[in-house]
Amino acid sequence: MALSISFVLVLGILVVVLIRGKSVKPGPAVVCVLFGFFLASTSIAPSINRFLTGVADMIGQIRF
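Residue numbering note: each chain is counted from 1, following its sequence as written. Thresholds applied to this predicted model are a pLDDT of at least 70 for local features of residues and 80 or more for the giving and counting of side-chain atom pairs; totals over whole chains, interfaces and linings are not thresholded and use all residues. In computing side-chain values, all of the structure's heavy atoms are included and hydrogens and water are not.

(A) Summary view of the overall build of the protein. Along the protein, the regular secondary structure elements total 3 helices and 0 strands. When its helices and strands are written in sequence order, the protein yields α-α-α. Taken along the three principal axes of its C-alpha coordinates, the protein extends 40 × 35 × 15 Å. Residues counted as buried form 3% of the 64 residues belonging to the protein. For every accessible area listed, the method is Shrake-Rupley and the probe measures 1.4 Å; residues are considered covered only by the protein chains on display. Roughly 5700 Å² of accessible area belongs to the protein as shown, and the carbon and sulfur atoms make up 76% of that amount. Note on conventions: DSSP H or I runs of at least 4 residues are helices, E runs of at least 2 residues are strands, and numbering of each starts at the N terminus. Think of it in three bands: with a 1.4 Å probe and only protein chains considered, a residue is buried below 20% of the maximum accessible area for its type, exposed above 50%, and partly exposed in between.

Below, the structure is given as structure tokens:
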């Protein structure tokens, strides 16, 4: 759960930075946020969640 909250926070900060840097206008950013919100309520959401969890686990297992 902490991972998903952190990921959402990072993505939220990224969206704000892109809007403020004029790379993305607020309208398309809102559309992307709404797309993500509605995508989360579809049947593919658990698959996306498992994929992101797997990627995060792989990154967490990298030893330097």
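(B) Region of the structure containing unusual backbone geometry. Of note, the phi angle at K22 is positive, near 65°, even though the residue is not glycine. You can see K22 is positioned in the loop between α1 (2–20) and α2 (26–39). You can call K22 exposed: its relative accessible area is 72%.

(C) Local environment of the environment of I19. Here I19 is to be found in helix α1. As a C-alpha pair, I19 and A29 span 10 residues in sequence and 7.6 Å in three-dimensional space. Any two residues whose heavy atoms approach within 4.5 Å are treated as being in contact. In contact with I19, other than residues within four places in its own chain, are V24, P26 and A29.

(D) Local environment of the confidence of the model for the protein. When pLDDT is averaged along the protein, the result is 84; 92% of the residues meet or exceed 70. Mean pLDDT per element in the protein: α1 is the minimum at 78, and helix α3 (residues 45–60) is the maximum at 89. Residue-level confidence of the predictor is summarised by pLDDT, bounded by 0 at the bottom and 100 at the top.

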